[in-house]
Amino acid sequence: MPNLFLLVLQIAVVVAVCRIVGSLFRLIHQPRVVGEMFAGILLGPSFLGWMAPGVSAYLFPPNSLGFLNALSQVGVMIFMFLVGLGINPKELKSHGHAAVLTSHVSITAPFVLAAFLSLYLYPKLSDDSVAFSSFALFMGAAMSITAFPVLARILTERDLLGSRLGTIAIACAAVDDVTGWCILAYIVLLIRSAHSASPIWLTVGGLLGFALFMIYVVRLLLRRFQTIYERKGGLTENLLALMLLLVLSSALLTEWLGLHLLFGAFLMGAIMPKEAKFVRYIVDRFETIAITLLLPLFFAFTGLRTNFGLVNGPEMWMYTALIILVATAGKLGGSMIASWLAGMPLRESAGLGTLMNTRGLMELVILNIGLDIKVISPALFSMMVLMALFTTFMTTPVLEMICPDRILRARVANVSSHAPVSTMALESSDGSAA
Amino acid sequence: MHSNRNFIVAYILLVGLPILGLVGILKTGRGKAAPISVDGTWTFQADPSRLAALPCGKSLTTSDLAISQSGGSFTLSVPNSPKSTASGVLVGTTLKASLLPPSSDDTDCVHGRELAFLATVDPIAIPRSLTGTISLTDCPTCKPVEFRAFRRAPAARGGH
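Overview of the structure.

About the cut-offs
- Residues numbered from 1 in each chain as written.
- Chains lettered and ligands numbered in written order.
- Predicted model: local features only at pLDDT ≥ 70, side-chain atom pairs only at ≥ 80, totals over all residues.
- Pairing = 2+ DSSP bridges.
- Helix = DSSP H or I, 4+ residues; strand = E, 2+ residues; numbered from the N terminus.
- Core = buried A, V, L, I, M, F, W, Y, C linked by C-beta atoms within 7 Å.
- Buried ≥ 20, exposed ≤ 12 C-beta atoms within 10 Å, placed from the backbone.
- Contact = placed C-beta atoms within 7 Å.
- Expected span 1.5 Å × (residues − 1).
- Axes fitted to C-alpha atoms, helices over the stretch in contact; angles between N-to-C directions.
- Left-handed = near helix turned anticlockwise from the far one by under 90°.
- Nonpolar A, V, L, I, M, F, W, Y, C, P; charged D, E, K, R; others polar.

Okay, the pairing of strand β2 (residues 64-70) of chain B next. All names here are of chain B. In this sheet, β2 lies alongside strand β1 (residues 40-46) in antiparallel orientation, the contact comprising 4 bridges. Across the sheet, Trp 42 pairs through a bridge with Leu 65, a residue of β2. For β2 and strand β3 (residues 73-78), the ladder comprises 5 bridges, and the chain directions are antiparallel. Looking across to β3, one finds that Ser 70 is bridged to Ser 73. A loop of 2 residues connects β2 with β3, the two strands running antiparallel in sequence, and Gly 71 in this loop sits at a positive phi of about 65 degrees.

Have a look at this one:
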């Protein structure tokens, strides 16, 4: 039984610290999510545990973290549903060669560089229970991810959604996320099947069957939600509960099939109808609790697992610097070169590369999965969290430096006068974006 | 037409070749060796009377040890005693760690003294086992205590 007093106290402290630090970060023109990620670190052993070990031990005793984790996973599940909901395949198809080349290079460049770095890091930060291929592929997937909700927030704040830069960035980020999650699914499958009693073909077959059933059967049924919404101007509580039940069922099925429940939640969001008003309506219903209450718990849980004390000594800090350098060179450099070769002006290409280098919460989700399946060690997890914080934090100031507003606004193209559907998910009115 | 050709060339150079490179990296990486895995929870066995006789040894009268490994370094902790944690290194099959015991009523456990772990891991044994000694630093007269440990919860890790 959970200690209810302690659990409520933990939630209250986490929500309060996340809101305060998030608001402080807004003052320095950073998205709130960057502050909330930072707040999670402050509550963990890297700060609170170090500054006030007694308070930390009282507030977050190890045997209480299971309940906090369970709640945070529910939050991430809803978040992944909303991320999937924000992805619109039609937008991905409409940006021509530049977007195709840029998005694919923005995956392959950091992926290959990360795999190359793994040749150096594997003997130093891993152990013989992890195969090199799993380690390298995971590092590749973790470094090639882009957090499009944060990216969308930054573009909205800078009024760049209608610009060529904005639309290509959103399309590329969506492609990156879908690809990144597919690669991660493969890695999780590979790792879990090695310890599973059932043969891998059964798991793969089951997952393929499930995905096809979702895409060709469930998706048609989901259209009913949109039809009812259009007819009545809203959905009843029963219908919203049914939708939530479908998300949970999909998540449970992917977990049962040997993958991870977040993939099921993401898939359910991805196959939902994409009419803009309907998407906005669903996002409004689900995001308040997920973003203001449950996601801060995820940030806190991640912070509690992050121990910068493990990154001790100049050698470990050099590995961290290398990880940040490779992640940035691969993502920023790769996207920039590809978009420049595809005909984008150099300054805009650099801006696109900077935006694509934003990793945000998506990176933390992937890293937590990596730590759960033990493909990365606690020290490497902490280094990668630092990389996620650094690359997300640097986006706004670097973008302002290389692409000042006055230049970009002058180049706003007539791509679209409306915000893409994908940008609607996870943009709260107070500037939060996960 | 010209634009399509440029796109195809750029795509092959920037996407196709790196993917071939990735295949090469994965093949090269197969030959890489990582430190032996010691991560997990271990059942600790030592003579309790000898441990109790060792200054600062009372903090170790437990049946469990938890090791959290990151490559060649690890942290060793005594579950339910969050203050008893040690940092250590793994060289080959040898583990070395120093534990700063928590404050206790043990008068011989002078502040600043450390318990030194020295153990060898048997990589072939199933479950994986450790054999070693625990001694007190700066105490030549204190007799080291021998111990054995067996990994109870092996790290369910990836890909092997």
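From this point, things continue past the structure.
A general trend in soluble globular proteins is that nonpolar side chains are found buried together. Core analysis: the largest hydrophobic core is formed by 155 residues, its most contacted members being A:Phe81, A:Ala169, A:Ala265, A:Phe266 and A:Met384. Not counting the four nearest positions on each side in its chain, A:Phe81 is found in contact with A:Val247, A:Ala265, A:Phe266, A:Met268 and A:Gly269. Counting residues in each nonpolar core, the second largest holds 28 residues, with B:Val38, B:Phe74, B:Cys109 and B:Leu136 among its members.

Time to look at the interface of chain A and chain B. Each partner contributes to the interface: chain A provides 41 residues, whereas chain B provides 33 residues. Those elements that place two or more of their residues in the side of chain A that touches chain B are α7 (96-125), α8 (132-144), α10 (164-194), α15 (313-341) and α18 (378-402) of chain A. Counting residues per element, the side of chain A that touches chain B draws most heavily on α7(A), which supplies 16 residues.

To continue, consider helix α2 (residues 32-43) of chain A. Between the first and last C-alpha of α2(A) there are 17 Å, a value that for 12 residues agrees with the 16 Å anticipated at 1.5 Å per step. The element α2(A) is largely enclosed, with a buried count of 11 among its 12 residues.

Residues and elements named next belong to chain A. The interhelical angle for the contact between α10 and helix α16 (residues 346-356), taken along N-to-C directions, is 35 degrees, at an axis separation of 10 Å. Crossing of α10 against α16: the hand is right-handed. Residue-level inspection shows Leu 165, Ile 168, Ala 169, Cys 172 and Ala 173 of α10 in contact with α16, the latter providing Glu 348, Gly 351, Leu 352, Leu 355 and Met 356. The class makeup of the residues in the contact of α10 with α16 is 8 nonpolar, 1 polar and 1 charged.

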